[in-house]
Amino acid sequence: MVKLKIDGQQIAVPAGTTILDAAARVGIKIPHLCYLKDINEIGACRVCLVEKVGMEKLVTACNTEVEEGVEILTNSPKVREVRRINVELILSDHDCKCVQCVKSGNCTLQKIANDLGIIEQPYKDVHEKTRWDFELPLIREASKCVKCMRCVQICDKVQGLNVWDINGSGYRASVGVSNNRKITEADCALCGQCITHCPVGALRERDDLRLLRDALADPEKITMVQIAPAVRTAWGEGIGISKTEATTGKMVSALRRIGFDYIFDTTYSADLTIMEEGSEFIERFTHKEQYSWPMFTSCCPGWVRFVKTQYPEYVKNLSTAKSPQQMFGAMAKTYIAQKLGIDPEKIFSVSIMPCLSKKYEKGVPQVDDAGHGKDVDLVLTTREMDRLIRADNIQAHDLKEEEFDEIFGEGSGAGVIFGATGGVMEAALRSAYFLITGENPEVDSFKSVRGMDGWKEATFEIKGMKVKVAVASGLGNTGKLMEAIKQGEVDYDFVEIMACPGGCVGGGGQPVKDGYEFAEARGEILYGLDKFSNLKFSHENSAVQLTYEEFLGEPNSHRAHQLLHTNLEDWDLEMNR
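Residues numbered from 1 in each chain as written. Predicted model: local features only at pLDDT ≥ 70, side-chain atom pairs only at ≥ 80, totals over all residues. Heavy atoms only, no water.

Engineer: Sorry if this is basic, but what is going on with the sheet that holds strand 5 (residues 71-73) here?
Structural biologist: Backbone hydrogen bonds are what pair the strands of a sheet, in a parallel or an antiparallel way. The strand order 2-1-5-3-4 describes an open sheet built from five strands, whose pairing is mixed. At either end of the open sheet lies a strand with only one pairing partner, and these are strand 2 (9-13) and strand 4 (59-60). Pairing geometry for strand 1 (residues 2-6) and strand 2, over five bridges, is antiparallel. Note on strand 2: the bridge partner recorded for L4 is I11. (Pairing = 2+ DSSP bridges. Helix = DSSP H or I, 4+ residues; strand = E, 2+ residues; numbered from the N terminus.)

So, in structure tokens, the structure goes:
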């Protein structure tokens, strides 16, 4: 233990503790902008400077370790003056049109500047000009970048794709796409983790709310929205209400007030995905010699982009089943339209997703099989939905509990846990067990694939057959797993991959609170919903059963393959459709 004094308080902390962490232990908050624990501890912003008594030079609290007997001042006159100057200099290199920024009110730089009482700018405005294609799903506004390096470090250390880097030097230094490439040339998976870890508004998703407003205002369009399982765990964060208040029923109520004609649950098509993917796995598993192994899940388009650029030889191993988003889109303009007596040409199909790469996926031509334009016309992130709610001045305490529209608002607990890492695998194994044995397994039989470990594996026995599975989340972990498979170090039958750490609950389209990671807590919400659900198995979803009885015939039928499957080898990676 190391004894020291911080702002007059005598404390003892373990050797190796940083000044920033030591101060936090006694309730002293030192402001910081670039710092991300264990990821970005480079002291680039110089906002966390503190004074060591007896030392002339100020030190960065985020990466300076405590020393025995030292006295630290976090708000001495010298610290206050230098910190203020540093923030003013950062602001001179930043487009401060805060009212037009998606991070306004949730921006770390804005808060620090406000806390320091900076209301005038003594330095010349020299912020970089933005040059970007604003039709892309991922938007980078260089004029707002503070060169904190967070995006670089997240992409390098967590996702392993090295998309971002520092270009230039000195005052001309700028963060941009690495090796002076365009983003469309950089093998970006569109996971959006750079967005969720940016402390300002330099990175964001393409805003598609105007397209939605146009559709809502068009009397010739019937707006039909699907909501992904992970959205219900986070939507309240962006409008400032608690987890207990942010119920699924109130979320549905808010969307009805906005004016959607039909509101359905993507959990229905998640269950449909399980039926198709589970049946496909059984077909492959019982005819092993005809297929390449392992079989991979394919419902995460960020993972699909990753495997197509990094490990293209394994694309043939992907399940051909579409994602729940695209399955719902195909059903919306065929069976659902038929069931509701709607002209499919009038349907404007919207999905609300926790994900950035879904904006790319809906534009891939190979997923449009319903015959009525795009199967999914528009994708909004959870953050965009929250902005929509705020724009309409909808007050959460005024909302009543409302249900999804009938039939296609039904979903099982297995479909709900799709949004958490391991959830797709667990849901698939629950139904695969039934399809093989004719009996339901114990609900918790496959729960060992749960948890936040970046790479998990397990072996299960179904009717005397051993099935070895693996689950990975985060593309850095995925890269390690893929290398192990490629080198023959591991051997699996079925592998689930999600591009974002923790799964869709930690997706690049979810609400952000700087310095906090919510994926694990959000995942627990989904498992809680599964625990108390009356339906535990995808094959028991009556809407899914009706879909097969009246329209598709059976899983992996010819019609199911026409509408619910896709040739992933034919997908291109063009972003701006």
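Engineer: Hey, could you run me through the UniProt feature "domain: 4Fe-4S His(Cys)3-ligated-type" (unreviewed entry) in the protein chain in this one?
Structural biologist: The feature "domain: 4Fe-4S His(Cys)3-ligated-type" (unreviewed entry), as annotated in UniProt, sits at residues 78-117 in this numbering. Taken end to end, residues 78-117 has its terminal C-alpha atoms 16 Å apart, with 57% of it in helix and 0% in strand. (UniProt positions renumbered as here; feature names shortened; annotations may be inferred.)

Engineer: Sorry if this is basic, but what is going on with the pattern of salt bridges here?
Structural biologist: Where side chains of opposite charge bring their charged atoms close, a pairing between them can arise. Summed over all chains, the structure comprises 35 salt bridges. Measuring nitrogen to oxygen at the nearest pair gives 3.4 Å for the salt bridge that ties E88 to R84. You can see E88 and its partner R84 sitting in helix 2 (residues 77-92), four residues apart, about one turn around the helix. Judged by relative accessible area, R84 falls into the partly exposed class, the value being 28%. A salt bridge links E141 to K144, with the nearest nitrogen and oxygen atoms 3.7 Å apart. Each member of the pair, E141 as well as K144, is classed as buried. (Salt bridge = Lys/Arg side-chain N within 4 Å of Asp/Glu carboxyl O. Buried < 20%, exposed > 50% of the residue type's maximum accessible area, 1.4 Å probe, protein only.)

Engineer: Which parts of the structure should I look at to understand the packing of helix 10 (residues 324-340) against helix 17 (residues 542-552)?
Structural biologist: Two packed helices can be described by the angle between their axes and the distance between those axes. The N-to-C vectors of helix 10 and helix 17 enclose an angle of 90°; their axes lie 11 Å apart at closest approach. By the angle class used here, helix 10 and helix 17 are roughly perpendicular. Contacts between helix 10 and helix 17 pair M331, T334, Y335, Q338 and K339 from the former with L546, T547, E550, F551 and L552 from the latter. Residues that form the contact of helix 10 with helix 17 fall into these classes: five nonpolar, three polar and two charged. (Axes fitted to C-alpha atoms, helices over the stretch in contact; angles between N-to-C directions. Parallel < 35°, antiparallel > 145°, perpendicular 65-115°, else oblique. Contact = heavy atoms within 4.5 Å. Nonpolar A, V, L, I, M, F, W, Y, C, P; charged D, E, K, R; others polar.)

Engineer: Would you mind showing me how to read the nonpolar core here?
Structural biologist: Nonpolar side chains tend to gather and get buried jointly when the protein is soluble and globular. In terms of nonpolar packing, the biggest core is built from 68 residues, with L109, L138, W164, I183, F296 and W303 touching the most fellow members. What W303 contacts, discounting residues up to four positions off in sequence, is F296, T297, L318, T478, M482, I497 and A499. (Core = buried A, V, L, I, M, F, W, Y, C linked by side-chain atoms within 4.5 Å.)

Engineer: I'm lost on helix 14 (residues 423-437) in this one. Help?
Structural biologist: For an α-helix, the turn length of 3.6 residues means that residues three or four places apart are oriented alike. Helix length check: helix 14 (15 residues) gives 21 Å between terminal C-alpha atoms against 21 Å at 1.5 Å per residue, within 8%. Of all the positions in helix 14, only G423, V424, M425, E426, A427, A428, L429, R430, S431 and A432 are classed as buried. On its buried side, helix 14 packs onto helix 8 (267-285), helix 13 (413-416), strand 15 (455-462), strand 16 (465-473), strand 17 (494-498) and helix 16 (519-531). (Expected span 1.5 Å × (residues − 1).)

Engineer: What exactly am I supposed to notice about the domain arrangement of the protein chain here?
Structural biologist: Think of interface size as the accessible area that goes away when the parts come together; that is how it is often given. Segmentation of the protein chain into domains returns domain 1 (2-116), domain 2 (138-206) and domain 3 (209-564). When each unit is reduced to the centre of its C-alpha atoms, the spacing between domain 2 and domain 3 is 28 Å. Each partner contributes to the interface: domain 2 provides 19 residues, whereas domain 3 provides 27 residues. At the surface where domain 2 touches domain 3, the tally comes to three salt bridges. Linking domain 2 with domain 3 are 14 residue pairs in polar contact (both at pLDDT 80 or more), by the criterion used here. Only helix 4 (150-158) and helix 5 (193-196) provide two or more residues apiece to the side of domain 2 that touches domain 3. The greatest single-element share of the side of domain 2 that touches domain 3, amounting to three residues, is contributed by helix 5. (Domains from an automatic or database assignment. Polar contact = N/O pair within 3.5 Å; in protein donor to acceptor, adjacent residues only side chain to side chain.)

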